[in-house]
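The chain contents come next:
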Amino acid sequence: FTHYSSHLKRGREGMDDASILPNYEGVAVHDHWEPYNSYENCSHAFCNAHHLRELTRAYEQDGACWAREMKELLMEIKGEVDQAKDSGKQAMESDRVESYHQRYQNILTEALKTYPPVCRPLSACNAQAGNGTGRSEGEIRDKPKRGKKKQRKDKNLLDRLIKYEIETLRFMEDFKVPLDNSLAERDIRMVKVKQKISGCFRSEEGAKYFCRIRGFISTIKTGLPELTAKFCEREQLHMLRIFLVAT
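I will try to describe carefully the structure that is included in this document. (Residues numbered from 1 in each chain as written. Predicted model: local features only at pLDDT ≥ 70, side-chain atom pairs only at ≥ 80, totals over all residues. Heavy atoms only, no water.)

A few words on the environment of Ser 43. Mapped onto the elements of the fold, Ser 43 is located in strand 2 (residues 43-46). When the C-alpha positions of Ser 43 and Glu 25 are compared, they lie 7.1 Å apart, and in sequence the two are 18 residues distant. If sequence neighbours within four positions are ignored, Ser 43 has contacts with Gly 26, Val 27, Ala 28 and Arg 170. (Helix = DSSP H or I, 4+ residues; strand = E, 2+ residues; numbered from the N terminus. Contact = heavy atoms within 4.5 Å.)

Scanning the entire structure with this criterion turns up two aromatic pairs. The interplanar angle of 80 degrees and the centroid separation of 5.2 Å between the aromatic rings of Trp 33 and Tyr 36 together place this pair among those described as edge-to-face. Of the residues examined, Trp 33 reaches a relative accessible area of 23% and is grouped as partly exposed. With a relative accessible area of 4%, Tyr 36 lands in the buried category. Measuring from centroid to centroid gives 4.8 Å for Phe 46 and Tyr 164, while their planes differ by 70 degrees, and the two rings are edge-to-face. In this pair, Phe 46 sits in strand 2 while Tyr 164 sits in the loop between helix 7 (153-163) and helix 8 (165-168), placing the two residues 118 residues apart along the sequence. Overall, Phe 46 belongs to the buried group, its relative accessible area being 1%. (Phe/Tyr/Trp six-rings, centres within 6.5 Å; stacked < 30°, edge-to-face > 60°. Buried < 20%, exposed > 50% of the residue type's maximum accessible area, 1.4 Å probe, protein only.)

Turning next to helix 3 (residues 48-62). A rise of 1.5 Å per residue sets the reference length of helix 3, with its 15 residues, at 21 Å; its end C-alpha atoms lie 20 Å apart and thus fit the reference within 8%. Check the buried side of helix 3 and you find it contacts strand 2, helix 4 (65-86), helix 7, helix 8, helix 9 (170-173) and helix 10 (182-187). Phi for Gly 63, located one or two positions after helix 3, is positive at around 70 degrees. (Expected span 1.5 Å × (residues − 1).)

The next subject is the packing of helix 5 (residues 94-112) against helix 7. Where helix 5 meets helix 7, the closest approach of the two axes is 10 Å, and the angle between their N-to-C directions is 145 degrees. Taken as a pair, helix 5 and helix 7 cross one another with a handedness that is left-handed. Residues Tyr 104, Leu 108, Ala 111 and Leu 112 of helix 5 form the contact with helix 7, whose participating residues are Lys 155, Leu 158, Leu 161 and Ile 162. The residue inventory of the contact of helix 5 with helix 7, partitioned by class, reads seven nonpolar, no polar and one charged. (Axes fitted to C-alpha atoms, helices over the stretch in contact; angles between N-to-C directions. Left-handed = near helix turned anticlockwise from the far one by under 90°. Nonpolar A, V, L, I, M, F, W, Y, C, P; charged D, E, K, R; others polar.)

A separate point is a nonpolar patch on the surface. A cluster of nonpolar side chains, contributed by Tyr 209, Ile 213, Phe 216 and Ile 217, occupies part of the molecular surface with about 430 Å² of accessible area. Note on placement: Tyr 209 falls in helix 12 (residues 204-232). (Patch = residues over 30% accessible without salt bridge, like charges linked within 9 Å, V, L, I, M, F, W, Y side chains within 5 Å. Areas by Shrake-Rupley, 256 points an atom, 1.4 Å probe, with all protein chains shown as cover. Salt bridge = Lys/Arg side-chain N within 4 Å of Asp/Glu carboxyl O.)

All right, on to the nonpolar core then. In terms of nonpolar packing, the biggest core is built from 32 residues, with Leu 55, Trp 66, Met 70, Ile 77 and Leu 161 touching the most fellow members. At the level of elements, strand 1 (27-30), helix 3, helix 4, helix 5, helix 7 and helix 9 are the ones that each hand at least two residues to this core. Looking at which element gives the most residues to this core, the answer is helix 4, with eight residues. Beyond its immediate sequence surroundings of up to four residues, Trp 66 is in contact with Leu 55, Ile 107, Leu 108, Ala 111, Tyr 115, Asp 154, Leu 157, Leu 158 and Leu 161. (Core = buried A, V, L, I, M, F, W, Y, C linked by side-chain atoms within 4.5 Å.)

Note that all results are geometric; they support no functional claim without further evidence.
The following block contains the structure:
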């Protein structure tokens, strides 16, 4: 099913008001927007459609060869998962899962070696000696800048793939988890069209009516047959695809 909600805040406050994620205990499929990860009562899986786009960019624009290898690996895993589903299997063999995890880790380990260690940049302060600080000009100039040094986009992607290996490959170990959350992306398009045309809603009540109507339409178009079957079998919905838009 599809549920839309409207709130003045786009972050944790808005999602709490929707009253779904705070009580959800299944698997939430989403991108790397940090507020999603703050919900610890459910498991998480990251959208690999986003990963594939970022990997393509990293290879084509940043020249990161490891990104092409990782993209090919993810597509290979997807192919084997699809084949296993078509043959009626409920899970992939454990030795295949371990093999893919090892290849995943090997690619990222080798990729990490291609990046120099991060060092804080030195301050460009040109203060002169005798300015009342009691320190020489060289001491002031060589003082490290505060804060974290900005990294390249491909390095940020590498760090995320290392940190979130389980969430990235969850679709391989749990066949109920999709590769991506593209369905949610498609569901949100009409809401974005509404925002671009109208710019805003005239009232908060009107925004809520719009969300409810769009939720009914989207559920009927994409989720009603599957949802009805699950309710008839008295099964609990296992999957949640997330996409939140501020209105």
